[in-house]
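Observations on chain architecture
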Amino acid sequence: MGSIAMRSSAMNTVWQIDPQKCVRCGNCATHCVLEQSAVKCVHAYAICGYCQLCTGYFEPEPNDLNTGAENCLCPTAAIKRTFVEDPYFEYTIDERLCIGCAKCVEGCNRFGNGSLFLQVRHDRCVNCNECAISKVCAGDAFRRVPANAPYLLKTTSHGL
Amino acid sequence: MRPDANESGLTAAGGPENRAARPRFNPTLSLSVLILLLISTVALAQQRFPPPDFESGHKLPLTTTPAGRAFIYEYVDVAVLAACIAISVFLIYRKRSRAGLVGLSLFSLAYFGFYRKGCVCAIGSVQNIALALFEPGYAVPVSVLAFFILPLAVSLFFGRSFCAGVCPHGALQDLVLLKPIKVPAWLEQALSTLPFIYLGAGVLLAGTGSAFLICQYDPFVPVFRLSGRALMVIAGVALLALGMFVGRPYCRFLCPYGALLKAGAMVSRWRVTVTPDNCTQCRLCETSCPFGALREPEEVQTTPSVLRQDRRRLAFLIALLPVLVLGCAWVGDFFSGAAAALNPTVSLADRLAAEKETPAKSGALSPDDLALDRARQNADEFLRNAEAIRKRITTGSRIFGGWVGLVIGLKLVGLSVHRRRKDYEPTPGDCLACARCFEFCPSELVRRGFPNGFASQPLDGSPLEPALK
């Protein structure tokens, strides 16, 4: 008991996804105890290429490069595409709509810079004693992090 | 980049490059970049599309990081817990007030239950402690440690005061209790070993990093959160429905933390008594306890023949104890496979070993296939690691089996020891200190000034009614 007390930390821990280990399996959308998952897609704008043909936004081989639903990858239309300057477009995540399914993250990682990634959003997470998603995480990417540094943000593309 | 960027990926990637025709990029150049990407390596994968320099002076938005609950609230929770326990002790031992405890229960239910959504709670903290015991890399947060220690320490002095009105699980069940029925003694005694067995299973699975069983199968947290797994929502509602007629079924027959508190309460310094001063054996309190904790006075037979028989039975049971422990430890070995299957690493390793020869799938992979893919990348180390965990689980399962044997053996020993009781009194381990029995005791009513208070203010001179019927 004493040794546990010695080792205990003043800081509480929270759950977070290591984006470098995430394999975009889609379990985050379905295994959170909340009805709408606390895991959302997050955008590291500094890594983004602002591509006109964003492979995180568009279906593979889209009919046209417009915001029509048939061209979009996101099942809930949670990504907003705004024109910045020719030929650049900015992609913003609407977290109220995002369900954390990682479809866009997969597209961005596979063909793009990997600026889209999943994170547990702590304004939504109820911080279960044992995260239900962590038990089924295909990439073993969930871990406890100190509550004062609750995010593991991407700063370089593809973790290098 | 994942090294297995496959064929379908490439076509899709080629498409965008041809169509998008980004003026800053020479198509052939980007194509060659993609080809280089195919041979894939880390260094090249780093920058596929360099971030643009905006001519319009566009400012990059910042990635938002919404904060969770502020750190200070961890201590607020602990302070509220400590205050609630103190109030509970005060209400039970000093005020002897059932109404006060109902009020406290309502507050606990609202705060620890519906506001804090039942997490982290004392019941679940057992697993954090178990994990910290066996996993050197895991540091228990101080607040969780406090949730574990505070109620337990108090139980050594004041019994299960935490259960009485602080635990949201207990409060929820206590408030739905409508018409308690008596559970037959044999069933009550048999079921009362379950919390200890559940505690052992919870510690085994948490200590080996397999699962937080007690949290996963918590029936009331889905009620507090108003969402959860269908199975547990049904279990929670069913337990509450049962709880209308059987007093606090989870606390008495399942709660693993209750098992610890029971052990503490058995040796507690102060105990709940039905009567504030002396018992007149009026038997009015006999049926007052909805939790089967109230025992009637028992005269121990001391005739030599009975005594000899009792001693012989006790000696037999004590001799049986090590046999039971070893036997159950042996049986526990058979369950190590089931326990290991609950560990994500071990179950993945099993699949990896089974499918080592089959080639990796390509195309859209299911989560399970992706996990297998991850394990494959460093297969030998993964299998070695899983084997080490499996060994720990096997050892743990044997210890758990022995623990089950010990619990059953000690229960039998406990049942065969007769204690002399001359008053009606609650058994310290089983008493949840709910304060229901107090107002059944005429001495208590006298203490509260009932008959006298009644007598001093007769209604319009009518003859005095007896306060107690």
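Whatever comes next refers back to the structure up there.
Described below are features of the structure shown in this document. (Residues numbered from 1 in each chain as written. Chains lettered and ligands numbered in written order. Predicted model: local features only at pLDDT ≥ 70, side-chain atom pairs only at ≥ 80, totals over all residues.)

Re the overall build of chain A
When helices and strands are counted, chain A shows 4 helices and 6 strands. Ordered by position from the N terminus, the helices and strands of chain A form the series α-β-α-β-β-β-α-β-α-β. Along the longest, intermediate and shortest principal axes, the C-alpha atoms of chain A span 65 × 30 × 25 Å. Every one of the 160 residues in chain A was classed for burial, and the buried ones make up 53%. Of the contacts made within chain A by residues no fewer than 6 positions apart, 75% connect residues no fewer than 24 positions apart. (Helix = DSSP H or I, 4+ residues; strand = E, 2+ residues; numbered from the N terminus. Buried ≥ 20, exposed ≤ 12 C-beta atoms within 10 Å, placed from the backbone. Contact = placed C-beta atoms within 7 Å.)

A word on the interface of chain B and chain A
Taken together, the contact pairs 59 residues of chain B with 62 residues of chain A. When residues of the side of chain B that touches chain A are traced back to their parent elements, those giving at least two are helix 1 (7-20), helix 3 (42-45), helix 6 (122-134), helix 7 (142-158) and helix 20 (367-377) of chain B. Residue contributions to the side of chain B that touches chain A peak at 7 residues, all from helix 1 of chain B. Counted by class, the side of chain B that touches chain A contains 36 nonpolar, 15 polar and 8 charged residues. (Nonpolar A, V, L, I, M, F, W, Y, C, P; charged D, E, K, R; others polar.)

Overview of the environment of V221 of chain B
All names here are of chain B. Position of V221 among the secondary structure elements: in helix 13 (residues 221-225). The buried category is assigned to V221, around which 27 C-beta atoms lie within 10 Å. Note: C-alpha distance between V221 and A379 (158 residues apart in sequence) is 38 Å. Not counting residues up to four positions away in its chain, the partners in contact with V221 are G118, C119 and G228.

Notes on unusual backbone geometry
Between D86 of chain A and P87 of chain A the backbone carries a cis peptide bond, its omega angle lying at 0°. Within the secondary structure, P87 of chain A is located in the loop between strand 3 (79-85) and strand 4 (88-93). A positive phi is found at R96 of chain B, a non-glycine position, where the angle reads about 50°. Tracing the chain through its elements places R96 of chain B in the loop between helix 4 (72-95) and helix 5 (98-115). With 19 C-beta atoms packed within 10 Å, R96 of chain B lands in the partly exposed category.

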